[in-house]
Amino acid sequence: MESIIRINNAADISVIVIYFLLVLAVGLWAMFSTNRGTVGGFFLAGRSMVWWPIGASLFASNIGSGHFVGIAGTAAAGGIAIGGFEWNALIFVVILGWIFVPIYVKAGVVTMPEYLKKRFGGKRIQVYLSVLSLILYIFTKISADIFSGAVFIQLAIGLNLYVAIVILLAITALYTITGGLAAVIYTDTLQTFIMVVGSIILTGFAFTEVGGYEAFMQKYMAAVPSNTTYGGTEVDPKCYTPRSDAFHIFRDATGDLPWPGLVFGLSIIAMWYWCTDQVIVQRCLSGKNMSHVKAGCVLCGYLKLLPMFIIVMPGMISRILYPDVVACVVPEICQRHCGTAVGCTNIAYPKLVVELMPNGLRGLMLSVMLASLMSSLTSIFNSASTLFTMDIYTKIRSRPSEKELMLAGRAFMLLLIGISIAWVPVVQSAQSGQLFDYIQSVTSYLGPPIAAVFLLGVFCKRVNEQGAFWGLIIGLLAGLGRMISEFAYGTGSCVAPSNCPFIICGIHYLYFAIILFGVTAIVILAVSFMTKPIPDVHLYRLCWSLRNSKEERIDLDADEEQDRADEKDDESVNEENQEEPGCCRKAYNWFCGLDQQKGPKLSKEEEEAMKKKLMDTSEVPLWRNIVNINGIILLTVAVFCHAYFA
C-alpha cells in the first residue's frame, strides 16, 4: 500500500499538539470540578448538565470518524441518498426528548436495561440487553471507529494501521477511564466545535476546487476511473459509473438504498439508536431538567442538518478529483491504493483532506478526525462500562462496594479495547469496502428486536415479561442467522460478487429490519396475551398511559431491593471503622475519583426528597413553550429537506 507522508511540517504538527493539550486541559478541568467518586457522578455527571453541552455531546457521540470515513465513502460510491440517514435523525431526536426521556426520568433509571427490569421485572431481560448492547458496541461502533481513525492516520502520516490504533486508544482511554461522564461531555463539546469548523472549511476548499454546485453535479456524473479491465475483460460499466439517481434521496424500491427501506426500515434502526441506546440516552439523563434535555435534543437536530453538506458532498467531490483512486474497480489497483481489494471509497474523505488543505489547516483537519473518533469512543467506553457495572457485574457480585463498582467499570473498558482491535480485520473487508453500509447492516440484524420491546413496553401496558423475553430471543436468533451467514459467504464486490443465496443476502438489510421488527412485535404481543398481565400498581410512571399517575409504585422485585438497602447500611457501618489511608493510596484514590469525603448521612426524608428531584419532569411554562416551538420548527425543516432532495 502506498503511504503518503503529508503531515511532516511544523505548522501541522504544532496545531495537532495544541489540540491535544486543549482536550487534556478540558478533561482535567472536568475531573477537578465535578464529582466523579459516586456512581451517579461518574456515570450521570450528577444530573447537572445544561442544554448546550448535552446537544453538542449527542452530536459528537453520534458523528464518529466512522461517519467521516463511512458516509463520505458511501456517498462517493452512490450519491446523496446516504444523507437521508442523517436527516432521519431530525425526527427521532424530537421523539427522544418529548416521549422517551420523560418516561426514563420518571422511572428513575441510570441504564436502559434497568428500565426494562423495572418495566417487566425479572433479571433475564436486563442481562440479555446489557450483553447484546455490548456486542453491538464492539462490532459496529468501536471497531468501525478505530478502523476509520487508523485509515486516516495511515494516509496522513504513513504509520502502520495497528500502531496508529494503539496510539489513539491510549490517549482516549486516559481521560475516559479517569474522568467519568462529565469529562466526556465537556470534551465532546470542544470536539463538536472543532469538527464543525474544520469540516466547513474543507467543504469550502472542495467546492472551490470543483467550481461550484452546478459544476459539482455535472462532473460527478462523469467521474469514472481510467482503468476498467480486469483479467483481460472489460468490467461491467455499472460497477464504476455513478448511479443515474445519484442526486435523489428516495430511490426505486429495488435500488441500492430503496425508498421504503429508507422511510420505514431506517426509522426502526433510528428509533433503536436515538431512543433506546445507552450512549445517547445517558447524555439526556444527565440534564438539569426536562427543558434542558429537550433544548439539547433540538440543538443536536440542527447540527445533524450539516453532515449532508460537510461529509456527503465532499465525499462525492473526492470521487470527481481522484476517480482513479476513490472509484477504482480493479482489485489489484484498489489493493495498491488503500490495502483492500473490494474498493477504496473509504479513503474519499481522508484523501481530500491530505490533498486539498494547506499546511496548518491540514493539521486542524487531522485533529477533527481524531476529535470525532475520540468523542464517539469515549462516549461508548463510558456507556459500555456503565452497562457492565450496573447490569452485569452487580449480578455476579451481590454486594459490591461503590469503590469496587468503579474499578470493575474501568477494568472492563480495557477488555473492550482488546476485543475491538481483534475485530478490525473483519471490518476492513466487509460490505464491499463501504464502512457505513457495514455498520448499518449489522445494526439492522440486531437492533429491531430491541426497538420493538421498548416501543411496546412504553406504549402497551399489556405487554409482560414472558412476551418481551421470547420476542427478544426469536428476534436475536433470526438476526444472528442472517448476520453470520452473510459474513460466512462474504459480501463480495461488484467485480467479484459473493455467491450467497438470494434468500439469505438478497433481501436488502433495510427491508430485513422491517421484517424482523414485525416478527418480534407479533411474538411479543402473542405471548403477552396468552400469559398473565402485570398489575397497574407495578407500572405507574413506567408506560405512556400511566405516566402522570401520582400513586406509589411497588417495584416488581421490591423485596430484593430492600435486602440490598439493608446490606448497604451494614457496609457503611463497617466503612466508618476503617483507618486513614497513606499518601500514595490517597493520590491513587484521587486520580481514580475514589476519594470521596464521607458526607453527613442523609435521613430517610432527605433521601426521598432527593429522589423526587431526580425524577421530576416539570418545566417552567415559558421555556417549555420555547423548546416546543423549536421542536416543531425542527420537524418542519426535516420535512422540507427530504422533499427538496427527494
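As the structure is a prediction and not an experimental result, all values here were calculated from the model.

Caption draft 1: Here's a closer look at the overall build of the protein. Tallying secondary structure elements over the protein gives 27 helices and two strands in all. For the protein, with 646 residues in total, the buried portion stands at 58%.

Caption draft 2: Molecular detail of the environment of Cys344. Here Cys344 lies in the loop between helix H15 (331-338) and helix H16 (348-356). The class for Cys344 is buried, based on a relative accessible area of 1%. Separated by 17 residues in the primary sequence, Cys344 and Ala327 place their C-alpha atoms 6.7 Å from one another. Once residues within four sequence positions are removed from consideration, Cys344 is found in contact with Val325, Val326, Cys328, Cys334, His337 and Cys338.

Caption draft 3: Broad picture of the packing of helix H6 (residues 112-120) against helix H20 (residues 448-459). Where H6 meets H20, the axes come as close as 11 Å, and the angle between the chain directions of the two elements is 45°. When the axis of H6 is compared with that of H20, the two are oblique. Remark: the crossing between H6 and H20 carries left-handed chirality. Residues Met112, Tyr115, Leu116, Arg119 and Phe120 of H6 touch H20, and the partners they reach there are Val453, Phe454, Leu456, Gly457 and Val458.

Caption draft 4: Seen up close, the environment of Ala270. Turning to its location among the elements, Ala270 is positioned in helix H10 (residues 259-276). The exposure class of Ala270 is buried, given its relative accessible area of 7%. Excluding anything up to four places from it in sequence, Ala270 contacts Asn88, Phe92 and Cys275.

Caption draft 5: Highlighting the side chain of Arg319. By the secondary structure assignment, Arg319 is in helix H13 (residues 307-321). Beyond its immediate sequence surroundings of up to four residues, Arg319 is in contact with Ala76, Ala77, Tyr220, Ala223, Tyr240, Thr241, Pro242, Val326 and Ala327.

Caption draft 6: Region of the structure containing the packing of aromatic side chains. For the structure on display, the rule yields 21 aromatic pairs. Here Tyr115 and Phe454 contribute two aromatic rings whose centre-to-centre distance is 6.0 Å and whose plane-to-plane angle is 15°, an arrangement assigned as stacked. One end of the pair, Tyr115, is in helix H6; the other, Phe454, is in helix H20, and 339 residues separate them in sequence. Each member of the pair, Tyr115 as well as Phe454, carries the same accessibility label: buried. Through successive ring pairs, a cluster of aromatic residues spans Trp87, Phe309, Phe640, Tyr644 and Phe645. Note that Arg547 overlies the ring of Trp544, its terminal NZ or CZ placed 3.8 Å from the centroid.

Caption draft 7: Examining H10 more closely. Over its 18 residues, H10 runs 24 Å from end to end, which matches the ideal 26 Å to within 8%, given 1.5 Å per residue. Among the 18 residues that make up H10, 15 are buried, leaving the element largely enclosed by the rest of the structure.

Caption draft 8: Spatial organisation of the state of the cysteines. A complete count under the given rule lists one disulfide for this structure. The partner cysteine of Cys328 in its disulfide is Cys334, sulfur to sulfur 2.1 Å. Its S-S torsion of about 125° marks the bond between Cys328 and Cys334 as right-handed, since a negative value means left-handed. Like Cys334, Cys328 is buried. Cys297 supplies the cysteine sulfur nearest to Cys300, a cysteine that is in no disulfide, at a spacing of 7.2 Å. For Cys300, a relative accessible area of 0% corresponds to the buried category. For the unlinked cysteine Cys460, the closest cysteine sulfur is that of Cys543, found at 8.7 Å.

Caption draft 9: Expanded view of a nonpolar patch on the surface. Taken together, Val620, Leu622, Trp623 and Ile626 make up a surface patch of nonpolar side chains, about 400 Å² in accessible area. Tracing the sequence through the fold places Trp623 in helix H27 (residues 621-645). Taking relative accessible area as the criterion, Trp623 reaches 49% and is therefore assigned partly exposed.

Caption draft 10: Here's a closer look at the packing of helix H5 (residues 83-107) against H6. The interhelical angle for the contact between H5 and H6, taken along N-to-C directions, is 70°, at an axis separation of 10 Å. In terms of axis orientation, H5 runs roughly perpendicular to H6. The two elements H5 and H6 cross, and the hand of that crossing is left-handed. Contacts from Ile103, Tyr104 and Ala107 in H5 reach Met112, Tyr115 and Lys118 in H6. Class assignment of the residues belonging to the contact of H5 with H6 gives a composition of five nonpolar, no polar and one charged.

Caption draft 11: Representation of the pattern of salt bridges. In total, this model carries ten salt bridges according to the counting rule given. The partner of Arg362 in a salt bridge is Asp12, and the shortest N-O contact between them spans 3.5 Å. Residue Arg362 is located in helix H17 (residues 361-396), and its partner Asp12 is located in helix H1 (residues 10-33); the two are separated by 350 residues in the primary sequence. Across the pair, Asp12 and Arg362 agree in class, each one buried. Linking Arg482 and Glu486 is a salt bridge whose minimum nitrogen-to-oxygen distance equals 3.1 Å. Taken together, the positions of Arg482 and Glu486, both in helix H21 (residues 465-489) and four residues apart, correspond to about one turn of that helix. Summarising the burial analysis for this pair, Arg482 and Glu486 share the class buried. Among the charged side chains, a network of salt bridges with common partners joins Arg243, Asp245 and Arg251.

So, how was this worked out
- Residues numbered from 1 in each chain as written.
- Predicted model: local features only at pLDDT ≥ 70, side-chain atom pairs only at ≥ 80, totals over all residues.
- Heavy atoms only, no water.
- Helix = DSSP H or I, 4+ residues; strand = E, 2+ residues; numbered from the N terminus.
- Buried < 20%, exposed > 50% of the residue type's maximum accessible area, 1.4 Å probe, protein only.
- Contact = heavy atoms within 4.5 Å.
- Axes fitted to C-alpha atoms, helices over the stretch in contact; angles between N-to-C directions.
- Parallel < 35°, antiparallel > 145°, perpendicular 65-115°, else oblique.
- Left-handed = near helix turned anticlockwise from the far one by under 90°.
- Phe/Tyr/Trp six-rings, centres within 6.5 Å; stacked < 30°, edge-to-face > 60°.
- Lys NZ or Arg CZ within 6 Å of the ring centre and 35° of its normal.
- Expected span 1.5 Å × (residues − 1).
- Disulfide = S-S within 2.5 Å.
- Patch = residues over 30% accessible without salt bridge, like charges linked within 9 Å, V, L, I, M, F, W, Y side chains within 5 Å.
- Areas by Shrake-Rupley, 256 points an atom, 1.4 Å probe, with all protein chains shown as cover.
- Salt bridge = Lys/Arg side-chain N within 4 Å of Asp/Glu carboxyl O.
- Nonpolar A, V, L, I, M, F, W, Y, C, P; charged D, E, K, R; others polar.

Just distances and angles here, no functional claims.
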